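# Structural characterization, general
Single-letter residue listing:
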Amino acid sequence: MSKSFMIKSHFFGRECFIDRELSNHDDLERNLKLLQWQFEKINFVSQIHSNQVLVIDSEKKIQPRQGLAKADAIVTNLKNLAIAVVTADCGAIILQDQKHEVVASVHAGWRGAKSGIIENSLQQMLNLGAKKENIS
(Lines give C-alpha, C1' and ligand atoms only; values in the text may rest on other atoms or scores of the structure.)
Protein backbone atom coordinates (compact mmCIF):
# COMPACT_ATOMS: atom_id res chain seq x y z
CA MET A 1 0.00 0.00 0.00
CA SER A 2 1.35 3.42 -0.85
CA LYS A 3 1.70 5.73 2.08
CA SER A 4 -0.16 8.49 0.27
CA PHE A 5 -3.40 6.53 -0.26
CA MET A 6 -6.20 8.05 1.77
CA ILE A 7 -9.92 7.70 1.32
CA LYS A 8 -12.01 10.65 2.44
CA SER A 9 -15.77 10.82 2.56
CA HIS A 10 -18.24 13.56 3.27
CA PHE A 11 -22.02 13.80 3.24
CA PHE A 12 -23.24 17.21 2.12
CA GLY A 13 -26.60 18.58 3.04
CA ARG A 14 -28.30 21.71 1.82
CA GLU A 15 -25.01 23.61 1.62
CA CYS A 16 -24.18 21.72 -1.57
CA PHE A 17 -26.95 21.79 -4.12
CA ILE A 18 -26.74 19.22 -6.91
CA ASP A 19 -29.81 18.96 -9.07
CA ARG A 20 -31.42 15.77 -10.38
CA GLU A 21 -29.48 15.91 -13.65
CA LEU A 22 -26.22 16.10 -11.67
CA SER A 23 -25.23 19.13 -13.67
CA ASN A 24 -23.88 21.29 -10.88
CA HIS A 25 -20.28 20.09 -10.68
CA ASP A 26 -19.21 23.64 -9.88
CA ASP A 27 -21.08 23.71 -6.57
CA LEU A 28 -19.64 20.36 -5.53
CA GLU A 29 -16.13 21.45 -6.51
CA ARG A 30 -16.52 24.67 -4.52
CA ASN A 31 -17.70 22.78 -1.43
CA LEU A 32 -14.90 20.21 -1.67
CA LYS A 33 -12.35 23.01 -1.93
CA LEU A 34 -13.83 24.61 1.20
CA LEU A 35 -13.01 21.31 2.93
CA GLN A 36 -9.47 21.69 1.51
CA TRP A 37 -9.73 18.42 -0.41
CA GLN A 38 -7.16 17.71 -3.09
CA PHE A 39 -8.62 16.13 -6.23
CA GLU A 40 -8.05 16.34 -9.93
CA LYS A 41 -11.46 15.25 -11.26
CA ILE A 42 -14.98 14.44 -10.12
CA ASN A 43 -17.15 11.66 -11.53
CA PHE A 44 -20.89 11.16 -11.19
CA VAL A 45 -23.25 8.71 -12.84
CA SER A 46 -26.77 9.23 -14.12
CA GLN A 47 -28.55 7.26 -11.41
CA ILE A 48 -31.36 5.00 -12.60
CA HIS A 49 -32.22 2.85 -9.53
CA SER A 50 -30.46 -0.17 -11.01
CA ASN A 51 -27.76 -2.72 -10.24
CA GLN A 52 -25.33 -1.19 -12.77
CA VAL A 53 -21.80 -0.27 -11.68
CA LEU A 54 -19.39 2.04 -13.50
CA VAL A 55 -15.80 0.86 -13.10
CA ILE A 56 -13.15 3.53 -13.57
CA ASP A 57 -9.75 1.88 -13.74
CA SER A 58 -8.14 4.25 -16.23
CA GLU A 59 -8.21 7.98 -16.97
CA LYS A 60 -10.01 7.24 -20.26
CA LYS A 61 -13.05 5.97 -18.36
CA ILE A 62 -13.65 9.21 -16.44
CA GLN A 63 -17.00 10.52 -17.67
CA PRO A 64 -17.53 13.98 -19.16
CA ARG A 65 -19.90 16.37 -17.40
CA GLN A 66 -22.57 15.67 -19.99
CA GLY A 67 -23.56 12.22 -21.19
CA LEU A 68 -22.92 10.47 -17.89
CA ALA A 69 -23.00 6.68 -17.73
CA LYS A 70 -26.29 5.19 -16.51
CA ALA A 71 -25.43 3.37 -13.28
CA ASP A 72 -25.92 3.52 -9.52
CA ALA A 73 -22.39 2.96 -8.28
CA ILE A 74 -18.84 3.91 -9.14
CA VAL A 75 -15.85 1.72 -8.32
CA THR A 76 -12.32 2.97 -8.84
CA ASN A 77 -8.69 2.39 -8.03
CA LEU A 78 -7.55 5.79 -9.36
CA LYS A 79 -6.03 8.36 -7.06
CA ASN A 80 -7.21 11.99 -6.87
CA LEU A 81 -10.60 11.17 -8.33
CA ALA A 82 -13.65 12.31 -6.36
CA ILE A 83 -16.58 9.95 -6.95
CA ALA A 84 -20.08 10.92 -5.93
CA VAL A 85 -23.65 9.73 -5.73
CA VAL A 86 -26.68 11.83 -4.91
CA THR A 87 -29.42 10.64 -2.57
CA ALA A 88 -32.70 11.89 -1.22
CA ASP A 89 -34.57 9.01 0.41
CA CYS A 90 -32.11 6.35 -0.83
CA GLY A 91 -28.95 5.27 0.94
CA ALA A 92 -25.39 6.27 0.14
CA ILE A 93 -22.86 3.53 0.82
CA ILE A 94 -19.10 4.00 0.75
CA LEU A 95 -16.99 0.86 0.53
CA GLN A 96 -13.22 0.77 0.74
CA ASP A 97 -10.22 -1.50 0.74
CA GLN A 98 -7.39 0.78 1.81
CA LYS A 99 -4.78 -1.96 1.57
CA HIS A 100 -5.49 -2.55 -2.13
CA GLU A 101 -6.56 1.04 -2.86
CA VAL A 102 -10.06 0.39 -4.19
CA VAL A 103 -13.14 2.43 -3.29
CA ALA A 104 -16.83 2.45 -4.22
CA SER A 105 -19.60 5.00 -3.93
CA VAL A 106 -23.02 3.35 -4.12
CA HIS A 107 -26.54 4.78 -4.51
CA ALA A 108 -28.80 2.15 -2.94
CA GLY A 109 -32.52 2.66 -3.20
CA TRP A 110 -34.86 -0.26 -2.69
CA ARG A 111 -34.93 -1.15 -6.40
CA GLY A 112 -31.15 -1.14 -6.71
CA ALA A 113 -30.66 -2.99 -3.43
CA LYS A 114 -33.21 -5.63 -4.43
CA SER A 115 -31.61 -6.10 -7.85
CA GLY A 116 -28.05 -6.40 -6.49
CA ILE A 117 -26.30 -3.01 -6.60
CA ILE A 118 -24.39 -3.72 -3.39
CA GLU A 119 -23.29 -7.20 -4.47
CA ASN A 120 -22.31 -5.95 -7.94
CA SER A 121 -20.29 -3.12 -6.41
CA LEU A 122 -18.45 -5.54 -4.14
CA GLN A 123 -17.74 -7.87 -7.08
CA GLN A 124 -16.32 -5.02 -9.14
CA MET A 125 -14.09 -4.05 -6.21
CA LEU A 126 -12.81 -7.64 -6.09
CA ASN A 127 -12.22 -7.51 -9.85
CA LEU A 128 -9.94 -4.48 -9.27
CA GLY A 129 -7.90 -6.36 -6.68
CA ALA A 130 -9.72 -5.68 -3.41
CA LYS A 131 -9.98 -8.55 -0.92
CA LYS A 132 -13.22 -9.37 0.93
CA GLU A 133 -11.50 -9.40 4.31
CA ASN A 134 -10.21 -5.85 3.79
CA ILE A 135 -13.44 -4.20 2.62
CA SER A 136 -15.17 -1.97 5.12
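Throughout what follows, the structure given in this document is the object of discussion. (Residues numbered from 1 in each chain as written. Predicted model: local features only at pLDDT ≥ 70, side-chain atom pairs only at ≥ 80, totals over all residues. Heavy atoms only, no water.)

## Observations regarding the pairing of strand 2 (residues 53-56)
Remember that side chains alternate between the two faces of the sheet whenever the strand is regular. Burial along strand 2 is two-sided: the face carrying Val53 and Val55 and the face carrying Leu54 and Ile56 are both buried. Judged from the four bridges that link them, strand 2 and strand 3 (residues 73-76) form a sheet pairing that is parallel. Bridge pairing in strand 3 places Leu54 opposite Ile74. (Buried < 20%, exposed > 50% of the residue type's maximum accessible area, 1.4 Å probe, protein only. Helix = DSSP H or I, 4+ residues; strand = E, 2+ residues; numbered from the N terminus. Pairing = 2+ DSSP bridges.)

## Some remarks on unusual backbone geometry
Phi at Asn80 takes a positive value of approximately 60°, unusual for a residue other than glycine. One can find Asn80 in the loop between strand 3 and strand 4 (81-83). Given a relative accessible area of 40%, Asn80 falls into the partly exposed group. Despite not being glycine, Glu101 shows a phi value in the positive range, around 60°. The residue Glu101 is located in the loop between strand 5 (91-97) and strand 6 (102-108) in this model.

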